[in-house]
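# Fold and geometry: a report
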Amino acid sequence: MIGKGSSLVLSAVVSVALVGASGCDSGGTTTDSGGSARTVIQNTGSDTMVNLAQSWAEEYREVKPDVSIEVSGGGSGVGIRDLMTGIVDIANASRTLKPDEEAQAKRKTGKDPIEFTVAYDGIGIYVHKDNPLEEITLAQLAEIYRENGSITKWSQLGADADSFCSGDDIVVFSRQSNSGTYVYFREAVLGKGDFRLGTKDLHGSKDVVDAVAHTPCGIGYSGMGYKTDEVKFLKVSTGEGQPSILPTTENVLSKKYPIARPLYMYTLGEPTGAAKEYIDWVFSEAGQKVVVEEGYVPIPSKSS
Amino acid sequence: MLRDLRDKLVVVRERLIVGLIWLCGVSSIVFVFGIFYFVFREGAPFLFSRFDAGEFFGSPEWYPTSEVNKRYGALALILGTASVTVLAMVISVPFSLGSAVLISEFCTGKLKETLKVTIEFLAAVPSVVWGFIGLVVFNPLIRNYTPASDGLCVLNGGIVVAFMSLPIIVSIAEDALKAVPDSYREAAIALGATRWQMVYRVLFPAAKNGLLAAVLLGVGRAVGETMAVLMATGHSVRMPIDGKFPFFHILEGCRTLTATIASELGEAARLEPDPTGAYPEEANHYQVLFVLGLLLLLITFTINLTADLIVKGVRKQDET
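Counting starts from 1 at the beginning of each chain's written sequence and moves along it residue by residue. Lettering of chains starts at A and numbering of ligands starts at 1, both following the order in which they are written. Reporting of local features is limited, given that this is a predicted model, to residues whose pLDDT is at least 70; pairs of side-chain atoms are given and counted only at 80 or more, and all residues count toward the totals for whole chains, interfaces and linings.

### Here's the deal with the overall build of chain B
- When helices and strands are tallied, chain B shows twelve helices and two strands.
- Going along the chain from the N terminus, every DSSP run of H or I of four or more residues is numbered as a helix, and every run of E of two or more is numbered as a strand. The linear arrangement of helices and strands in chain B, starting from the amino end, is α-α-β-β-α-α-α-α-α-α-α-α-α-α.
- The C-alpha atoms of chain B give a radius of gyration of 25 Å, which is well past the 20 Å a tight globule of 320 residues would have.
- Considering only C-alpha atoms, chain B reaches an extent of 80 × 75 × 35 Å along its principal axes.
- Counting other C-beta atoms within 10 Å of a residue's C-beta gives its exposure: the residue is buried at 20 or more, exposed at 12 or fewer, and partly exposed in between, where C-beta atoms are placed from the backbone. Within chain B, the proportion of its 320 residues that are buried is 40%. It is over C-alpha atoms that the radius of gyration is taken, and the globule rule equals 2.2 Å times the number of residues to the power 0.38.

What follows is the structure, given as structure tokens:
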């Protein structure tokens, strides 16, 4: 739960610090400290991807000790905005760029943002481990999360609330609005409609899972990599009578699991130099191994 | 000749230094107006085009990033700020006035110094640490000992902010009590009043303006607090006060004006107007956050001004 505060602070600190740093072209910034040249690549954005990006950065340090990748979160929106103003080299995003963002980037920097699909992620629907419910349909999910939606009680889903949640009221956890997960969930489940008022909007993927773990009446959505023993996934089906699917690597890759999405990295213009090498490495076997270790879904091998 | 020159140099230097000091003095005025101006300038395009007072002050529907229907109702946020502030004051005013009375009237020597230092230390705790305490200490307490389903709520924010405004209220209230002339105390004791009677029959009425100012400055602190309430209140756009029993929902989450600005300004892009001078709809989000900022500025400005005027009133009375 520390992440809620620290990611905000971190992104604030990073954005302030970076305003002063000039020459952040897509090749990274070379700083000369004590004779040994070090290349710094600034990598900001999606909170969903922050753990993944951090692990990539750590692993890459072993491969290329003279390149340092500085990772911070803040949300996809923050990463994309910082990319548009040219203060980061690579933006992580769990949603695609909106057309007006693309136009802004082009207007401000004269370069087109280039998109790389670096991994896939399933959005798990998390509930407390004592919750007897096993599955949920997309329509039910929409009624829980939609503005003025009709489902507000666990008994409406057929769960015996007395056994785990004294008030029967569903406590709905969501994400703050600059999260890519928020935007994706709104699009995939609510059909671009709006969220209900009164959801608890948390500031990190891990925070949602933590909150659900502490709240027997709670439900939340977050990347499938954040699963702990305190919570469980609901199987999701696209409708009544359709098969209910668990968010697993196979189900995401086969597109059976309905709420899954690609994760992206964006650069301004074709990446060059250190940034290109880094992205190439992310696509390599070693880079994709990290994806699996972090609980995400690797992209099917690039040649296919 | 040389001496003349030296004298002139001294005069010039003197003037330069006086000018510099004057500049430092008025700079704070310039800054205050500058802040008002810049916040207003960023929010102005929204204020003059999309702003609808009925919606802004009357609707809880805060959907600035909606894809289908953007709405900018700030009522839930305003009530969120109001309810956290009121609750914080309800908790902290009795404690702070009690501590102020203890420090100024009932204790001396080492205990007094220790208390003062400790309370001042409270003021030095960074707000993100208070937020963290709200998350890891009060959150499970509220969850386990109240019917609340989740500990991030108005009550949690209120407790945290109460702690944060306590040192301000204590130190100003203590000054106000100290400013009451000793002759009042002596007269009260001479007439046979107990010490407690002296405090609430003589000192409180005599220092009432200073005490009020102390409370108002505490309110100002509570209204402006950001990080701690962001972490402790659950960040949920929801009316904390409504027509449903029990009317004031302290065990539900809420969201304050400050927390909204802090959490959403990061993604809201500052977009330029097109050649005709019209702004795209996406630009409204950034602008409306500055309108929230303007509202906050007006609230805290009014509170501080009132507190100032009250304290000035006290001084005038003393002089007569």
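Once the structure has been displayed, the description carries forward.
### Quick notes on the overall build of chain A
- Scanning chain A from N- to C-terminus turns up ten helices and twelve strands.
- In chain A, buried positions account for 51% of the 304 residues.

### Concerning the interface of chain B and chain A
- We call two residues in contact when the distance between their C-beta atoms, placed using the backbone, is within 7 Å. Opposite the 32 residues of chain B that make contact, chain A presents 33 residues.
- Going through the elements one at a time, α5 (127-145), α10 (227-232) and α11 (257-264) of chain B are the ones with two or more residues in the side of chain B that touches chain A.
- When residues of the side of chain B that touches chain A are assigned to their parent elements, the largest contribution, six residues, is made by α5(B).

### Describing the confidence of the model for chain B
- For every residue, the predictor reports its confidence as pLDDT, a number between 0 and 100. Here chain B shows a mean pLDDT of 89. Residues at 70 or above account for 98%.
- Taken element by element, the predicted model of chain B shows its lowest mean pLDDT in helix α12 (residues 283-319) of chain B (85) and its highest in helix α3 (residues 75-106) of chain B (94).

### Some remarks on the pairing of strand β12 (residues 260-268) of chain A
Residue and element names in this part refer to chain A.
- Counting buried positions over the nine residues of β12 gives eight, a clear majority of the element.
- Pairing of strand β5 (residues 113-128) with β12 involves nine bridges; the strand directions are antiparallel. Its bridge partner lying in β12, Y120 is registered against P262. Here the rule is simple: two strands pair whenever DSSP picks up at least two bridges between them.

### A short note on the nonpolar core
- The nonpolar core is taken to be a set of buried Ala, Val, Leu, Ile, Met, Phe, Trp, Tyr and Cys residues joined by way of C-beta atoms within 7 Å. Judged by nonpolar contacts, the single largest core of 76 residues is most densely connected at A119(A) and V212(A).
- Counting residues per element, this core draws most heavily on β5(A), which supplies seven residues.
- If we skip the residues at most four places from it in the chain, A119(A) touches L52(A), L263(A), V291(A), Y296(A), V297(A), P298(A) and I299(A).
- Counting 58 residues, the second-largest nonpolar core is a separate cluster that includes I103(B), I119(B), L155(B) and M227(B).

### Considering the packing of helix α2 (residues 50-63) of chain A against helix α10 (residues 285-293) of chain A
All names here are of chain A.
- Interaxial distance between α2 and α10 falls to 10 Å at its minimum, and their mutual angle equals 140°. The orientation of α2 with respect to α10, classified from their angle, is oblique. For the pair α2 and α10, the crossing hand works out as right-handed. From α2, L52, S55, W56 and E59 reach across to α10, where they touch A286, G287, V290 and V291.
- Residues are grouped as follows: nonpolar covers Ala, Val, Leu, Ile, Met, Phe, Trp, Tyr, Cys and Pro; charged covers Asp, Glu, Lys and Arg; every other residue, Gly included, is treated as polar. Taken together, the residues of the contact of α2 with α10 break down into five nonpolar, two polar and one charged. Working convention: axes come from line fits to C-alpha atoms, limited for helices to the stretch in contact. Angles between N-to-C directions cover 0 to 180 degrees. These descriptions rest on fixed angle ranges, namely under 35 degrees for roughly parallel, over 145 for roughly antiparallel, 65 to 115 for roughly perpendicular, and the rest for oblique. Left-handed is the label given to a crossing in which the near helix is rotated counterclockwise from the far helix by less than a right angle, and right-handed is the label when the rotation is clockwise.

### What to know about the confidence of the model for chain A
Residue and element names in this part refer to chain A.
- Averaged over every residue, the pLDDT of chain A is 82; the share at 70 or more is 87%.
- Below pLDDT 50 for its whole length, residues 1-28 participates in 65 contacts with residues either more than four positions away or in separate chains.
- Confidence drops under pLDDT 50 across residues 31-35; counting only partners more than four residues distant or on other chains, this segment forms four contacts.

### What to know about the pairing of strand β7 (residues 171-175) of chain A
Residue and element names in this part refer to chain A.
- With five of five residues buried, β7 is to be regarded as a mostly interior element.
- Residues of β7 alternate between two faces, with V171, F173 and R175 on one and V172 and S174 on the opposite face, all of them buried.
- Direction of pairing for β7 relative to strand β9 (residues 218-223): parallel, over a ladder of two bridges. When the bridges of β9 are listed, V172 appears paired with I219.
- Crossover handedness is defined here as right-handed if the route from the first strand over the helix to the second strand goes clockwise, with the strands pointing away from the viewer. Following the chain from β7 across helix α6 (residues 180-188) to the adjacent parallel strand β8 (residues 200-202), one finds a crossover that is right-handed.

### Side note on the environment of S165(B)
All names here are of chain B.
- Among the structural elements, S165 can be located in helix α6 (residues 154-178).
- Separated by 42 residues in the primary sequence, S165 and A123 have C-alpha atoms spaced 8.0 Å apart.
- The residues contacting S165, other than those within four sequence positions of it, are A88, S92, G218, R221 and A222.

### Quick look at α10(A)
All names here are of chain A.
- Looking at α10, one finds that the buried residues are G287, Q288, V290 and V291. Along the long axis of α10, the arc covered by the buried residues comes to 145°, so they all point the same way. Exposed residues pointing more than 90 degrees away from the buried face of α10 are listed as E285, K289, V292 and E293.
- On its buried face, α10 is in contact with α2, β5 and α9 (273-283).
- Phi turns positive, to about 90°, at G295, one or two residues after α10. By construction, the arc corresponds to the directions joining the helix axis to the C-beta atoms.

### A word on the environment of E285(A)
Residue and element names in this part refer to chain A.
- Relative to the helices and strands, E285 resides in helix α10.
- What makes E285 exposed here is the crowd of 10 C-beta atoms within 10 Å.
- For the pair E285 and I114, spaced 171 residues apart in sequence, the C-alpha to C-alpha distance is 22 Å.

### Here we look at unusual backbone geometry
All names here are of chain A.
- With a phi close to 60°, N148 is a non-glycine residue in the positive phi region.
- One can find N148 in the loop between α5 (138-145) and β7.
- N148 sits in the exposed class, given 9 other C-beta atoms within 10 Å.
- Look at K255: it is not a glycine, yet its phi comes out positive at around 65°.
- Its place among the elements puts K255 in the loop between α8 (249-253) and β12.

### Describing the environment of N92(A)
All names here are of chain A.
- Examined against the element boundaries, N92 turns out to sit in strand β4 (residues 90-93).
- Residue classification places N92 among the buried positions, given that 32 C-beta atoms sit within 10 Å.
- For the pair N92 and G180, spaced 88 residues apart in sequence, the C-alpha separation works out to 9.8 Å.

### Regarding the packing of α3(B) against helix α9 (residues 208-224) of chain B
Residues and elements named next belong to chain B.
- Running from amino to carboxyl end, α3 crosses α9 at an angle of 140°, the nearest separation of the two axes being 9 Å. Viewed along their axes, α3 and α9 adopt a mutual orientation that is oblique. Both α3 and α9 take part in a crossing whose hand is right-handed. Listed contacts from α9 to T81, V84, T85, A88, M89, S92, V93 and L97 of α3 are L211, V215, G218, V219, A222 and V223.
- Residues that form the contact of α3 with α9 fall into these classes: ten nonpolar, four polar and no charged.

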